[in-house]
Amino acid sequence: MTEEQIYEKLKNRLGKIMPDFELREKAKIAAEIEVLKKERNAVILGHNYMEPALFNSVPDFTGDSLELSRKAADADADVIVFCGVKFMAETAKILSPDKTVLLPAKVAGCSLASSITAEDVRQLKKQFPGVPVVTYINTYADVKAECDMCCTSGNAKAVVESLDSEAVIFLPDEYLAKNVALETNKRIIFPTHEPHDAQPSDVLDYQMIGWHGKCEVHDQFRVEDIENARRQFPGVKVLAHPECPPEICQACDFTGSTSAMITYVQDQPTGTKFLLMTECSMADNIAAENPDKEMVSVCSVRCPHMNEITLEETRDALKYNQQIIELDEDVRVKAKKSVDRMLEIGPSGTFSNAYGDGKS
Ligand code: 13P
Ligand code: SF4
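Since the structure is predicted, the reported quantities are computational estimates derived from the model, not experimental observations. (Residues numbered from 1 in each chain as written. Chains lettered and ligands numbered in written order. Predicted model: local features only at pLDDT ≥ 70, side-chain atom pairs only at ≥ 80, totals over all residues. Heavy atoms only, no water.)

*Asks:* Give a detailed account of the site of ligand 2, specifying residues and quantitative values.
*Replies:* In the vicinity of ligand 2, the contacting residues are Tyr 49, Val 85, Cys 110, Ser 111, Leu 112, Asn 138, Cys 215, Val 217, Glu 243, Cys 303, His 305 and Met 306. Judged by its atoms lying within 2 Å of the grid points, ligand 2 is housed in the largest cavity. Across the shell around ligand 2, the residue classes tally to eight nonpolar, three polar and one charged. (Near = heavy atom within 4 Å. 1 Å grid on protein atoms, 1.4 Å probe; cavity = no way out; pocket = protein on both sides within 12 Å on 5 of 7 lines; lining within 4 Å. Sits in = over half its atoms within 2 Å of the grid points. Nonpolar A, V, L, I, M, F, W, Y, C, P; charged D, E, K, R; others polar.)

If you want it as structure tokens, here you go:
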């Protein structure tokens with residue numbers, strides 16, 4: 001696409017939320033990226049939380065963590081530029097070791113990924129010998145390497161249900177674990193770090209063992225936010241990511257991965273209003289693609305880590321070959337087993353909200 005074509009596309013989609021001079025500037029950078037992309041035979045993957053100008057211009061594929069993992073595995077390119085946070089770029093490297101994987105940000109961490117270390121997992125395995133370990137994809141490669149299987153928000157329930165085991169260790173998101181436990185009718189416990197504090201008994205009175213990691217974005221939403229929105233905007237549909245606390249998921253109309261929420265919005269009738277209990281750039285991106293739907297903007301929380309990735313950083317990543325994701329080969333091979341086992345599971349098992357009545 002030429003700079004003018006990109007500008008027209010951005011204007012059409014984002015003209016209501018971004019001033020014209022900014023759209024022109026962003027189109028210029030996006031056009032530079034298009035040239036670099038061809039020169040380097042690169043593919044750009046963009047997570048649904050990317051800022052609107054980036055999300056709506058350069059990515060060859062957009063999606064949630066699961067969809068982007070699959071795209072990374074199939075990518076027919078020399079270079080993968082991962083417009084998402086570091087653990088996502090690491091997953092691309094785990095699956096495509098021969099490709100150059102670039103993260104267009106200096107750090108782009110994640111409060112969930114930094115909540116647990118490989119040593120923590122080794123300790124848990126000592127406490128609960130023989131219990132399979134599932135890790136949410138929001139973890140670093142060395143943690144994945146210690147686990148049996150990965151999951152994402154799009155398949156967490158299906159992954160847990162696929163295991164033929166009395167109990168499962170589910171790391172590191174406390175709320176996702178609680179939401180999966182509710183969905184699968186399992187009792188969950190949260191042991192502390194100290195081995196003597198855990199009481200694994202011969203008779204299991206639990207089926208899930210969780211960890212106290214939290215997403216710093218989804219932890220900020222409150223049930224009162226939903227109540228206020230329902231009072232102000234009768235008929236509003238409330239959607240939540242399963243990284244939200246269970247009481248939020250129970251009070252909303254639909255719980256699902258970022259892409260599942262996008263599909264839910266697309267399927268609702270024209271004129272429907274939505275409140276999204278998730279990262280706020282996604283609401284802008286959904287609004288841009290669904291001009292016939294309304295987004296209520298009373299809860300607006302931006303992920304500071306996702307916010308590090310911009311069009312400027314993406315251009316520089318391709319131009320200066322930075323920041324290259326490197327992984328220890330032994331760690332990568334072990335982590336790949338966990339990711340591969342997950343990819344063998346279909347994308348089914350999204351949250352049904354069977355436990356939520358949609359009323360707070
Ligand atoms: P999804 O897999 O649903 O895209 O979520 C990733 C994430 O980091 C949510 O905070
Ligand atoms: Fe991590 Fe939360 Fe940001 Fe997602 S939104 S990347 S879980 S901190």
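*Asks:* Which residues make up the pattern of salt bridges, and what values go with them?
*Replies:* A side chain with one charge may pair with a side chain of the opposite charge, provided their charged atoms come close. Following the criterion strictly, the structure yields 20 salt bridges and no others. A salt bridge links Lys 37 to Glu 34, with the nearest nitrogen and oxygen atoms 3.6 Å apart. Of the two residues, Lys 37 and Glu 34 are both situated in helix H2 (residues 20–40); the distance of three residues between them amounts to about one turn of the helix. The buried category is assigned to Lys 37, whose relative accessible area is 9%. One salt bridge connects Glu 174 with Lys 214, and the closest N-O pair in it is separated by 3.5 Å. With Glu 174 in helix H9 (residues 174–184) and Lys 214 in the loop between strand E9 (208–209) and helix H10 (223–232), the pair connects residues that are 40 residues apart, well separated along the chain. Its relative accessible area of 8% is what places Glu 174 among the buried residues. (Salt bridge = Lys/Arg side-chain N within 4 Å of Asp/Glu carboxyl O. Helix = DSSP H or I, 4+ residues; strand = E, 2+ residues; numbered from the N terminus. Buried < 20%, exposed > 50% of the residue type's maximum accessible area, 1.4 Å probe, protein only.)

*Asks:* Can you explain the confidence of the model for the protein chain? Please cite residues and give values.
*Replies:* For the protein chain, the mean per-residue pLDDT works out to 92, and 92% of the residues sit at or above 70. This model gives residues 354–360 a pLDDT under 50, and the stretch forms 22 contacts once residues within four places in sequence are excluded. (pLDDT = per-residue confidence, 0-100. Contact = heavy atoms within 4.5 Å.)

*Asks:* So what's going on with the site of ligand 1? Which residues, and what values?
*Replies:* Taken together, His 47, Tyr 49, Asp 64, Ser 65, Asn 138, Ser 153, His 218, His 241, Glu 243, Ser 257 and Thr 258 form the complete shell of residues around ligand 1. With respect to ligand 1, the side chain of His 47 contributes an N or O atom lying 2.6 Å from an oxygen atom. With respect to the detected pockets, ligand 1 is housed in the largest cavity. Considering only residue class, the shell around ligand 1 consists of one nonpolar, eight polar and two charged. (Polar contact = N/O pair within 3.5 Å; in protein donor to acceptor, adjacent residues only side chain to side chain.)

*Asks:* Give a detailed account of the packing of aromatic side chains, specifying residues and quantitative values.
*Replies:* Applying the stated criterion across every chain, the model contains two aromatic pairs. Their ring planes at 80° and their centres at 6.2 Å tell us that Phe 128 and Tyr 206 sit as a pair that is edge-to-face. With a gap of 78 residues between them, Phe 128 in the loop between helix H6 (118–127) and strand E5 (133–136) and Tyr 206 in the loop between strand E8 (188–189) and E9 connect regions that are remote in the sequence. Taking the relative accessible area as the measure of exposure, Phe 128 reaches 3% and is therefore buried. The class for Tyr 206 is buried, based on a relative accessible area of 3%. When the centroid spacing of 4.7 Å and the interplanar angle of 20° are considered together, the rings of Phe 254 and Tyr 264 count as stacked. Of this pair, Phe 254 sits in strand E11 (residues 254–255) while Tyr 264 sits in helix H12 (residues 258–267), and the two are ten residues apart along the sequence. A relative accessible area of 15% places Phe 254 in the buried class. (Phe/Tyr/Trp six-rings, centres within 6.5 Å; stacked < 30°, edge-to-face > 60°.)

*Asks:* Before we move on, could you go through the environment of Ala 108 and cite the residues and values that matter?
*Replies:* Turning to its location among the elements, Ala 108 is positioned in the loop between strand E4 (100–102) and H6. For the pair Ala 108 and Phe 87, spaced 21 residues apart in the sequence, the C-alpha separation amounts to 8.6 Å. Among residues more than four places away in sequence, those in contact with Ala 108 are Gly 84, Val 85, Lys 86, Leu 103, His 305, Glu 308 and Ile 309.

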